[in-house]
Amino acid sequence: MTTDIKQKEVKSKKQRIVSILKTIMLYGLMFMVIYTAVNWWRQPVMPASPQLQLTDYQGQAVDLAALSHEQPTLVYFWGTWCSVCSFTSPTINQLAADGYPVITIAIQSGSNQDLQNYLTKKNFGFTTINDQEGEIFDDWQGQVTPSYVVLENGEMTQGLTGIQPLWSLKLRLWLASVF
């Protein structure tokens, strides 16, 4: 009789573990569906006639179309005032340091001198366009920072928002180059 009780207890524990795992998987799936839907809704949208010839905060010409014809290029919309960007910008800096084509657009982040001081203080070496009035971001119908766009051959292939790990950005750029 005690072996029956022990078997029922073991079976009951297994059922609880399976039940917990199913619940975790269900919540994980729900999170992924909601996250994907929200990300799709908030992502930037490429303008019909985008301005792809820009000037960085140091006065250097940046041709996004030409860069994206060479290889997929990541465009990163951010701001010095954005708390989430303080976590994502080091990742973008690493991506640029690893040789990936990255152009960043700093939204309403002050004068060119203010932006240069910030980039120097943070030791960021990525190419940055100063969108002082937020017009570029508005043209792309940006809703949140940080936002990312992958351009290939002058066209947007992917758009996303929020915190993105380095491996995810590398994977997205690689996928854009393959497909």
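Everything here concerns the structure above.
Residues numbered from 1 in each chain as written. Predicted model: local features only at pLDDT ≥ 70, side-chain atom pairs only at ≥ 80, totals over all residues. Heavy atoms only, no water.

Trainee: What's the story with the overall build of the protein in this structure? I'm lost.
Mentor: On a plain count of helices and strands, the protein comes out with six helices and seven strands. Radius of gyration (C-alpha) of the protein: 22 Å, far over the 16 Å computed for a compact globule of 179 residues. Viewed in the frame of its principal axes, the protein has a C-alpha envelope of about 85 × 35 × 30 Å. About 10,900 Å² of surface is accessible on the protein, with carbon and sulfur atoms providing 58% of the total. Separation between the mean location of the 12 positive side-chain charges and that of the 14 negative ones in the protein comes to 32 Å. (Helix = DSSP H or I, 4+ residues; strand = E, 2+ residues; numbered from the N terminus. Rg over C-alpha atoms; globule rule 2.2 N^0.38 Å. Areas by Shrake-Rupley, 256 points an atom, 1.4 Å probe, with all protein chains shown as cover. Lys, Arg positive; Asp, Glu negative; His and termini not counted. Charge placed at Lys NZ, Arg CZ, Asp CG, Glu CD.)

Trainee: Whenever I open this one, the packing of aromatic side chains confuses me. Can you help?
Mentor: Any pair of aromatic rings gets described here by the distance separating the centres and the angle formed by the planes. By the definition in use, this model includes eight aromatic pairs. A ring pair is formed by Tyr 76 and Trp 78, whose centres lie 6.2 Å apart and whose planes are at 10°; its orientation type is stacked. Its relative accessible area of 0% is what places Trp 78 among the buried residues. Look at Trp 78 and Tyr 118: their rings are 5.9 Å apart centre to centre, the planes differ by 35°, and that puts the pair in the tilted class. (Phe/Tyr/Trp six-rings, centres within 6.5 Å; stacked < 30°, edge-to-face > 60°. Buried < 20%, exposed > 50% of the residue type's maximum accessible area, 1.4 Å probe, protein only.)

Trainee: Sorry if this is basic, but what is going on with the sheet that holds strand β4 (residues 102-107) here?
Mentor: In a beta sheet, neighbouring strands are held together by backbone hydrogen bonds and run either parallel or antiparallel to one another. Ordered in space as β5-β4-β3-β6-β7, the five strands form an open sheet in which the pairing is mixed. The sheet terminates laterally at β5 (127-131) and β7 (155-161), the two strands that pair on one side only. Sheet twist, expressed as the mean angle between neighbouring strand axes with direction ignored, is 20°. As defined by bridge partners, strand β3 (residues 73-78) adjoins strand β6 (residues 147-152) across five bridges and the pair is classed as antiparallel. (Pairing = 2+ DSSP bridges. Axes fitted to C-alpha atoms, helices over the stretch in contact; angles between N-to-C directions.)

Trainee: Explain the packing of helix α3 (residues 85-97) against helix α6 (residues 166-178) to me, please; I cannot follow it from the model alone.
Mentor: Helices that pack against each other are described as a pair by the angle of their axes relative to one another and the distance between those axes. Packing of α3 against α6 brings their axes to within 10 Å, and their N-to-C directions diverge by 45°. The orientation of α3 with respect to α6, classified from their angle, is oblique. For the pair α3 and α6, the crossing hand works out as right-handed. In contact with Thr 91, Ile 92, Gln 94 and Leu 95 of α3, α6 contributes Leu 166, Leu 169, Lys 170 and Leu 173. Counted by class, the contact of α3 with α6 contains five nonpolar, two polar and one charged residues. (Parallel < 35°, antiparallel > 145°, perpendicular 65-115°, else oblique. Left-handed = near helix turned anticlockwise from the far one by under 90°. Contact = heavy atoms within 4.5 Å. Nonpolar A, V, L, I, M, F, W, Y, C, P; charged D, E, K, R; others polar.)

Trainee: Any chance you could explain the pairing of β5 here in plain terms?
Mentor: Each regular strand displays side chains that alternate between the two surfaces of the sheet. The buried count for β5 comes to four of five residues, which makes it a mostly enclosed element. One ladder, built from five bridges, connects β4 with β5; its direction is parallel. From the neighbouring strand, Thr 104 faces β5, where its bridge partner is Thr 128. With helix α4 (residues 112-122) bridging β4 and the parallel β5, this β-α-β connection has right-handed handedness. (Right-handed = clockwise from strand over helix to strand, strands pointing away.)

Trainee: Even after reading the chapter, I still don't get the nonpolar core, so can you show me in this structure?
Mentor: Here is a general trend for soluble globular proteins: nonpolar side chains tend to be buried in one another's company. In terms of nonpolar packing, the biggest core is built from 21 residues, with Leu 74, Trp 78, Ile 92, Leu 119, Tyr 148 and Leu 169 touching the most fellow members. Only β3, α3, β4, α4, β6 and α6 provide two or more residues apiece to this core. Residues in contact with Leu 119, not counting those within four places in the same chain, are Tyr 57, Trp 78, Phe 124, Phe 126 and Thr 128. In terms of nonpolar packing, the next biggest core, distinct from the first, is built from 17 residues, Ile 107, Ile 136, Phe 137 and Val 149 among them. (Core = buried A, V, L, I, M, F, W, Y, C linked by side-chain atoms within 4.5 Å.)

These results come straight from atomic positions and should not be treated as a statement about function.
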